[in-house]
Amino acid sequence: MRLFFSGAAHEVTGSKHYLEAAGKKILIDCGMEQGKNLYENQEIPVPASDVDYVFLTHAHIDHSGMLPLLYNQGFKGSVYTTEATQQLCQIMLLDSAHIQEFEAEWKNRKGKRAGIPPIVPIYTTEDAVGILQYFVPCRYEEKIQVCDGIEIRFVDAGHLLGSASIEVWVTEQGVTKKLVFSGDIGNTDQPLIKDPKPTKDADYVVMESTYGDRLHTKEKPDYVGELVKILKETFDKGGNVVIPSFAVGRTQEMLYFLRKIKTEGMVEGYPDFPVYVDSPLAVEATGIFQKNIYSCFDEEAMTLVKQGINPISFPGLRLSITSEESKAINFEDTPKVIISASGMCEAGRIRHHLKHNLWRPECTILFVGYQAIGTLGRSIVDGKKEVKLFGEPIEIRASIKKLEGLSGHADKNGLIGWLQKFEKKPDRVFIVHGEDAVCTAFAQCLKHEYGYSTYAPYSGTEVDLMTGDITYEAEGIPVKKRKIASDVFSRLLAAGQRLLAVIQHNEGGTNKDLAKFTDQINALCDKWDR
């Protein structure tokens, strides 16, 4: 009976934990790393073909995104998750596969001209379709016997439609241990979905710490009022409000706010402003939200439903599916709202909208979600003056705004509050899914201020669940910067060496010639120093 930490250890993305119990090999989540990768992730200690089950907390790609690769590597087990998560994964994993294929094709087109060997996508659409056949949809609060010695239950985590904390009971040699994997713990009073439900007890808790170093505002922010102000100021200048948004979850929340704004005519002088959702994935996800109204929506949203009101639809909402429809948006002069994925601006159509709007001082780029270190979104939010999009430098002249407090993650107090709802302190709380320093600091906070036994494992750490002993204590192995070894770069290095030789050959030349040569070299350096 052992637990092995693989992904999201002192990092925010790439969630993956390996559990071995009752003769079975189990993954809890199988996520993709996004943004900057600080530490090397140790592979699970068995081949994918030996894994019996995956217990999936929710559909976000940093928790589910490597499932198609697991299938490609030979996995033929069962993926247990909630009904809504299964439905969301049907669209999100296919979308992720499409992105992998598209990016590989794009890089290979460029690389071919430079003589760079072709790359293959991480996985393909065929792999995504393949893994979906192994999903087992489960209801919230229903205790399920997976096999002899293993039972699970999904509890609403309030983070995303279908998101869950997973209770896992494992029994070996007559001894039962209970683990709780928190998944991503949601913020309270979010639009549309219910608040996180508490869990009563556990021997071990594996707990996220994304916002373990920050607090949301004490008073509930006036999201609608702030959004109205931003819309009015931008429309008065003749600009667009561009919202990079996660296609699943955050987009539907924004539609919830915009429905209220438009139906109540809250943007003075602009009663009919258009709202574009430019993401096929977001359009499909919105349909899935509507299918799960009764199992996942909160009381406020259900009040609207009972009145015959669709909480996430309204006149003037325009859904862009085709690339032609997407391109046409930026040739429409009317001030408008453009909601597009991805939320951290790493891929998708949002990058085209940034290219067309970032340089325009009359426009506003409104961030409504977390921006991981190393992402384009984080660079923009942190005040970068210029970014590159599609190989072209784009000066940032638009107004950059954040809708503060809008978060699908519990803050530090919310995380502590979730843990305090356990009726008895767990034997050990493992802190994962947070930035390096945050994992350490949050674990120390829980230990010294609240009396919990905590540990923030690095990837590769292994725990004996029978005894609670850490049988292998891994250290963080920093990711080594990859050296560029292409023929083209080698030619560039050779040219630099030749330039140095030419400089040495010119020793003793006239001051006029040397000054001219120096200016030319400095001009060349200024052009390429980026």
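Everything that follows concerns the structure shown earlier in this document.
Model, not experiment: these values are computed from the prediction.

*Asks:* Is there a simple way to think about the overall build of the protein chain in this case?
*Replies:* Secondary structure assignment for the protein chain yields 16 helices and 23 strands. Against the 2.2 N^0.38 benchmark of 24 Å for 530 residues, the protein chain shows a C-alpha radius of gyration of 26 Å, consistent with a compact globule. With respect to the principal axes defined by its C-alpha atoms, the protein chain has extents near 90 × 60 × 50 Å. Here the protein chain holds 530 residues, and the buried ones make up 51% of them. In the protein chain, the proportion of contacts linking residues at least 24 apart, taken out of those at least 6 apart, comes to 74%. Element-wise, carbon and sulfur atoms account for 50% of the exposed surface of the protein chain, whose accessible area totals about 25,300 Å².

*Asks:* Sorry, what's going on with the packing of aromatic side chains here?
*Replies:* Think of a pair of aromatic rings as described by two things: how far the centres are apart, and how the planes are tilted against each other in angle. Inspection of every chain in the model, using the stated rule, returns 13 aromatic pairs. Between phenylalanine 5 and phenylalanine 430 the ring centres are 5.2 Å apart and the planes differ by 50 degrees, which places this aromatic pair in the tilted class. With a gap of 425 residues between them, phenylalanine 5 in strand β1 (residues 2–7) and phenylalanine 430 in strand β20 (residues 428–432) connect regions that are remote in the sequence. Like phenylalanine 430, phenylalanine 5 is buried. When the centroid spacing of 6.2 Å and the interplanar angle of 65 degrees are considered together, the rings of tyrosine 256 and phenylalanine 257 count as edge-to-face.

*Asks:* I would appreciate a short explanation of empty space enclosed by the protein in the present structure.
*Replies:* Rolled over the atoms, a probe with the dimensions of a water molecule shows which regions are left empty. Applying the stated rule across the entire model yields four cavities of 30 Å³ or more. Put simply, the largest cavity is a space of about 80 Å³. Along the wall of the largest cavity there are 15 residues; nearest its centre are Ser15, His17, Ser182, Gly183 and Val432. Per element, the largest residue contribution to the lining of the largest cavity is three residues, and it comes from strand β11 (residues 204–208).

*Asks:* When you look at the nonpolar core in this model, what are you seeing that I'm missing?
*Replies:* Considering soluble globular proteins, one finds that nonpolar side chains tend to be buried as a cluster. Grouped together as the largest cluster of nonpolar side chains are 80 residues, with contacts concentrated most on Leu67, Leu231, Leu258 and Val337. If near-sequence neighbours (up to four positions away) are discounted, leucine 67 is found in contact with Cys30, Val54, Leu56, Val79, Leu93, Ile131 and Phe135. Judged by nonpolar contacts, the second largest core, of 30 residues, contains Leu3, Phe5, Ile26 and Val206.

*Asks:* Before we go on, may I ask you to explain the pattern of salt bridges in this structure?
*Replies:* Side chains bearing opposite charge may pair, as long as their charged atoms lie close to each other. For the coordinates displayed, the defined rule picks out 17 salt bridges. Taking the shortest distance from any N to any O, the salt bridge between glutamate 392 and lysine 355 comes out at 3.6 Å. Here glutamate 392 is found in strand β18 (residues 392–395), whereas its partner lysine 355 is found in helix α11 (residues 350–357), with 37 residues between them in sequence. Among the ionic contacts, a cluster of salt bridges with common partners joins Arg153, Glu167, Lys178 and Asp201.

*Asks:* Is there a simple way to explain the sheet that holds strand β12 (residues 241–244) in this structure?
*Replies:* Backbone hydrogen bonds hold the strands of a sheet together, and the pairing may be parallel or antiparallel. Taken in spatial order, the six strands line up as β14-β13-β15-β12-β16-β19 in an open sheet, and their pairing is parallel. Edge positions in the sheet fall to β14 (317–320) and β19 (399–402), since each has one partner strand and no second. Adjacent strand axes in the sheet meet at a mean angle of 20 degrees, parallel and antiparallel pairs treated alike. Across the sheet, α11 touches β12, β13 (275–278), β15 (337–340) and β16 (364–367), and the angle it forms with β12 is around 150 degrees.

*Asks:* Help me understand the state of the cysteines, please; the structure alone is not making it clear to me.
*Replies:* In a disulfide, the sulfur atoms of two cysteines are held together by a covalent bond. For the structure on display, the rule yields zero disulfides. Free cysteine: cysteine 296, not disulfide-bonded; nearest cysteine sulfur from cysteine 138 at 14 Å. We note that cysteine 345 lacks a disulfide partner, and the nearest cysteine sulfur, in cysteine 363, lies 15 Å from it. Judged by relative accessible area, cysteine 345 falls into the buried class, the value being 0%.

*Asks:* I keep staring at the side chain of threonine 13 and nothing clicks. Help me out?
*Replies:* With respect to the element layout, threonine 13 can be found in the loop between β1 and β2 (16–21). Among the polar contacts listed, one links the side chain of threonine 13 to the backbone nitrogen of glutamine 34, at a separation of 2.9 Å. Those residues within four positions of threonine 13 in sequence are excluded, and the remaining contacts are Ala8, Met32, Glu33, Gln34 and Asp62.

*Asks:* I would appreciate a short explanation of helix α4 (residues 125–132) in the present structure.
*Replies:* An α-helical turn contains 3.6 residues, so a residue and the one three or four places further along point in the same direction. Listed in full, the buried residues belonging to α4 are Asp127, Ala128, Gly130, Ile131 and Leu132. The inward-facing, buried residues of α4 abut α2 (67–72), β5 (78–82), α3 (83–114) and β6 (135–138).

*Asks:* How do you make sense of the environment of glycine 238 when you look at a structure like this?
*Replies:* Along the polypeptide, glycine 238 turns up in the loop between α5 (223–236) and β12. Glycine 238 sits in the partly exposed class, given a relative accessible area of 29%. For the pair glycine 238 and glycine 130, spaced 108 residues apart in sequence, the C-alpha to C-alpha distance is 47 Å.

*Asks:* Can you help me understand the sheet that holds strand β9 (residues 164–172) in this one?
*Replies:* In spatial order, the strands read β7-β8-β9-β10-β11-β20-β21; together these seven strands make up an open sheet with mixed pairing. Pairing within the sheet leaves two strands with one partner each, and these edge strands are β7 (144–147) and β21 (454–455). Two strands pair when backbone bridges link them, and β20 and β21 are joined in this way by two bridges, in the parallel orientation. Paired with valine 429 across the two strands is threonine 454, which belongs to β21. The strands touched by helix α13 (residues 412–420) are β9, β10 (175–181), β11 and β20; relative to β11, the strand with the most contacts, the crossing angle is about 165 degrees. The strands that helix α14 (residues 436–450) touches are β11, β20 and β21; relative to β20, the one it contacts most, it runs at about 155 degrees.

*Asks:* Explain helix α6 (residues 250–263) here, please?
*Replies:* The terminal C-alpha atoms of α6 lie 20 Å apart, and with 14 residues this matches the ideal 20 Å at 1.5 Å per residue to within 8%. Counted residue by residue, α6 has 12 buried out of 14 residues, so it is predominantly covered. Looking only at α6, the buried set comprises Arg250, Thr251, Gln252, Glu253, Met254, Leu255, Tyr256, Phe257, Leu258, Arg259, Ile261 and Lys262. Glycine 265 lies just past α6 and shows a positive phi near 55 degrees.

*Asks:* Please explain a nonpolar patch on the surface as it appears in this structure.
*Replies:* Together, Leu499, Leu500 and Ile503 make up a nonpolar patch on the protein surface, roughly 240 Å² of accessible area in all. Position of leucine 500 among the secondary structure elements: in helix α15 (residues 487–505).

*Asks:* I would appreciate a short explanation of the environment of leucine 161 in the present structure.
*Replies:* The topology assignment puts leucine 161 in the loop between β8 (150–156) and β9. The residues contacting leucine 161, other than those within four sequence positions of it, are Ala84, Thr85, Leu88, Ile193, Ile288, Phe289, Asn292, Cys296 and Phe297.

Definitions and cut-offs
- Residues numbered from 1 in each chain as written.
- Predicted model: local features only at pLDDT ≥ 70, side-chain atom pairs only at ≥ 80, totals over all residues.
- Heavy atoms only, no water.
- Helix = DSSP H or I, 4+ residues; strand = E, 2+ residues; numbered from the N terminus.
- Rg over C-alpha atoms; globule rule 2.2 N^0.38 Å.
- Buried < 20%, exposed > 50% of the residue type's maximum accessible area, 1.4 Å probe, protein only.
- Contact = heavy atoms within 4.5 Å.
- Areas by Shrake-Rupley, 256 points an atom, 1.4 Å probe, with all protein chains shown as cover.
- Phe/Tyr/Trp six-rings, centres within 6.5 Å; stacked < 30°, edge-to-face > 60°.
- 1 Å grid on protein atoms, 1.4 Å probe; cavity = no way out; pocket = protein on both sides within 12 Å on 5 of 7 lines; lining within 4 Å.
- Points joined across faces, edges and corners; volume = space filled by probe spheres on them.
- Core = buried A, V, L, I, M, F, W, Y, C linked by side-chain atoms within 4.5 Å.
- Salt bridge = Lys/Arg side-chain N within 4 Å of Asp/Glu carboxyl O.
- Pairing = 2+ DSSP bridges.
- Axes fitted to C-alpha atoms, helices over the stretch in contact; angles between N-to-C directions.
- Disulfide = S-S within 2.5 Å.
- Polar contact = N/O pair within 3.5 Å; in protein donor to acceptor, adjacent residues only side chain to side chain.
- Expected span 1.5 Å × (residues − 1).
- Patch = residues over 30% accessible without salt bridge, like charges linked within 9 Å, V, L, I, M, F, W, Y side chains within 5 Å.

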